[in-house]
Amino acid sequence: MDNILTIALSKGTLLKPTIELLQQAGLPCEGISEDSRSMIFTFSGDPQIKYIICRPTDVPAYVEHGAADLGIVGKDVIVEQGKDLFEMADLGFGYCRFVVAVPAHMKHLTLQELNYKRVATKFPAVAEKFFRDNGLQVEIITLHGNIELAPLMGLSDMIVDIVSSGRTLRENNLVELVSIMDSTTRLVANRVSYRTKYQEVQPLIEKMQMIVKGGKNQ
Amino acid sequence: MDNRQIPKGLRDLLPQEVKNRRKLEQKAMQIFTSYGYKEVMTPTFEFLEVVETGAGKHRERLFLFMDREGGILSLRPEMTVSIARLAAMHLRDSIYPQRLFYSANVFRHVQPHLAQYREFWQTGIELLGASGPWADAEAISLAVKLLQELGLNDFKISINQIGIFNGLLTAAAIDSEDKDEIRRLVEKKDLVELERRLENLVMPDAWKESIARLPVLHGGLEVLQKIPYLEQHAATAQAVEDLLRVYEALQDYGVTRHIVIDMGVLRELELDYYTGVIFEGYSPELGYGLLGGGRYDNLLGQFGFPCPATGFALGMDRLALVLARQEEETNRYLLGGRNLRALVEKAQQLRGEGKTVEMDVEGNSLEALQEKVRGRGDISLLYLDEQS
């Protein structure tokens, strides 16, 4: 049987640091780019390495179902989807955090005062869980982008979104009320691949862990 | 409502599927019977109190309804608890060990997807009244035998002793909430969160290091030597010793090429009753586990009949899926070689057996053909040498 290791990579901002990491880990990645027409890149060797370049939100699905053995994707996507994945390493890059943000004039509200308010978000599961864990009920409005528009247009009272620098919030006159959790990029594995391809997968995971830890110490 | 809908997560099986399924079940029954196991059946639903005994409180996973006297009923989510109840009620005076098997549909309120349905079929055994490594080895080797005989080409069974993990946590003296959380993280192999959790706990670094390494310890016997600071805790050391004895017994059964020691296997969280050696079976063809089982020495006691026990269940829907994929794979050939006459003969013979044969008409070399099939799961290369 041929030895193939399939890795699902996230398109977009994570792709560049991901490729750098793969290079440092000694994996072939010449010519991988999301501008290319092809979304699949195959490199011969033992094991043969195959990359799938897909939308970040699709990476967990590829890995959970075993269409990819490993995946590189943000924690934000992982928590929202709640898929059954092995989370093997924190890769450190792609930092962002989940926040509850409100229009600036509401910044003195306490969490309790948000009860029964409307929240717009791309992350309904994260939002629902956060408010429920705090004993609050909110109405969730799921949007697919430009969440910060919702309070401006009166669609919602507040938003739950990911921010990195906070610039988008400021530009839209929103302020962060509560930080829900931090997110960085993770290396995930399929639960069966991890066991059946242990010989190929485990050394790779350890290499990536070393690179990431080494980077932190410097 | 459209009268042609069926509830989410359920499905119809058509004649060909049922035929295949029955064939597998009959084969399984034959094997179980040859080991002295006898079939039992239990009711499709039980009182919730019965289901929650041992299997723990996971009501969101159950299909619940009421009877007219106000009792809460649950469709069975698995068979082991029902069989423990059955044995405690009816088989007290039998001669032990008792060997029982079943083939039954079970129900769980899960998110349905490929290979995960809300009604699915399990075939399995329970070996009641026997403790010790030979009993564990019988269950595990029977699982190997079953998967082999049912036609699985490639599979692995991961084994562990849950006492190793529990012992480490007991020694570390952490409370039960943290313990559940750490167990969940080890089982899910969420190494990132596990490391963070451990950092916040008050315990010697040595213990933290041991626990953090559990999820990635995987391999042969050498794995057992890699658990640091074992000897400092008697219960853990004893669990390791037990696992070692079982592995040795499996060597005598000659099945260790299918066995992997995997410290990350703690079995699904919905089943809380395991106490000793536990195991899970996997096929590289499928991203989900096929088979699971282990020792549960305290379960029968909860029904008033203390008795050691072990057993396993095989998911028949998943097995059927793997076998179907395997068949697709092995039924399609790319045939190459230099001697056309021999090739034609071979092709006819294979086609006669119902296989699909693509002949290489370009006279490619073996290397070139290998390159062609590389990475294709749906076809096998057959190359006829000059001599053959």
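Along each chain, residues carry numbers from 1 onward, in the same order as the chain's sequence is written. Here chains are named by letter from A upward and ligands by number from 1 upward, in the order in which they appear as written. Reporting in this predicted model follows two pLDDT cut-offs: at least 70 for local features of residues, and 80 or more for side-chain atom pairs to be given and counted; totals over whole chains, interfaces and linings ignore these cut-offs and use all residues.

### Observations regarding the overall build of chain A
Per the convention used, a helix needs a DSSP run of H or I reaching at least four residues, while a strand needs a run of E reaching at least two, with both numbered from the N terminus. The number of helices and strands found in chain A is 8 helices and 11 strands. Once local pairs closer than 6 in sequence are excluded, the contacts in chain A between residues at least 24 apart make up 66%. Note on contacts: each residue gets a C-beta atom placed from the backbone, and two residues are in contact if those atoms are within 7 Å.

### A look at the interface of chain B and chain A
Across the boundary between the two partners, chain B contributes 19 residues, which contact 20 residues of chain A. Elements that contribute at least two residues to the side of chain B that touches chain A include exactly β7 (156–161), α7 (191–200) and β9 (259–262) of chain B. Nonpolar residues are Ala, Val, Leu, Ile, Met, Phe, Trp, Tyr, Cys and Pro. Charged residues are Asp, Glu, Lys and Arg, and all others, Gly as well, are polar. Of the residues that constitute the side of chain B that touches chain A, the class distribution is 9 nonpolar, 4 polar and 6 charged.

### Structural notes on the sheet that holds strand β9 (residues 158–163) of chain A
All names here are of chain A. In short, DSSP must find at least two bridges between two strands for them to pair. The 5 strands are arranged β8-β7-β9-β6-β10 in an open sheet whose pairing can be described as mixed. Since the sheet does not close on itself, it has two edges, and those belong to β8 (139–142) and β10 (174–183), each with one partner. Averaged over neighbouring strand pairs, the angle between their axes works out to 25 degrees when direction is ignored. Sheet topology note: the strand β7 (residues 118–121)/β9 ladder contains 3 bridges and is parallel. The partner of T121 across the bridge, within β9, is V160. Here the axes come from fitting lines to C-alpha atoms, over the contacting stretch only for helices, and the angles between their N-to-C directions go from 0 to 180 degrees. Its contacts with the sheet place helix α4 (residues 124–133) against β6 (96–103), β7, β8, β9 and β10, and it is angled at close to 165 degrees to β8.

### Concerning the domain arrangement of chain B
The split of the chain into domains comes from an automatic or database domain assignment. Domain boundaries in chain B define domain 1 (15–325) and domain 2 (331–384). The gap between the C-alpha centroids of domain 1 of chain B and domain 2 of chain B is 42 Å.

### Some thoughts on the packing of α7(B) against helix α8 (residues 205–213) of chain B
Residues and elements named next belong to chain B. Relative orientation of the contacting elements α7 and α8 amounts to 165 degrees, with a least axis distance of 10 Å. Our classification of the angle between α7 and α8 gives roughly antiparallel. Crossing of α7 over α8 shows right-handed handedness. Counted together, L194, E195 and L198 of α7 and K208, I211 and A212 of α8 form the full contact between these two elements. For the contact of α7 with α8, the class distribution of residues is 4 nonpolar, no polar and 2 charged. Convention used here: angles under 35 degrees read as roughly parallel, angles over 145 as roughly antiparallel, angles from 65 to 115 as roughly perpendicular, and any remaining angle as oblique. In this scheme the crossing of two helices becomes right-handed for a clockwise turn of the near helix relative to the far one and left-handed for an anticlockwise turn of less than a right angle.

### Some points on unusual backbone geometry
Residues and elements named next belong to chain A. A cis amide bond links D46 with the next residue in sequence, P47, at an omega value of 0 degrees. Residue position: P47 is located in the loop between β2 (40–43) and β3 (48–54). Even without glycine at this site, Y116 takes up a positive phi of about 60 degrees. Tracing the chain through its elements places Y116 in the loop between β6 and β7. Despite not being glycine, N173 shows a phi value in the positive range, around 60 degrees.

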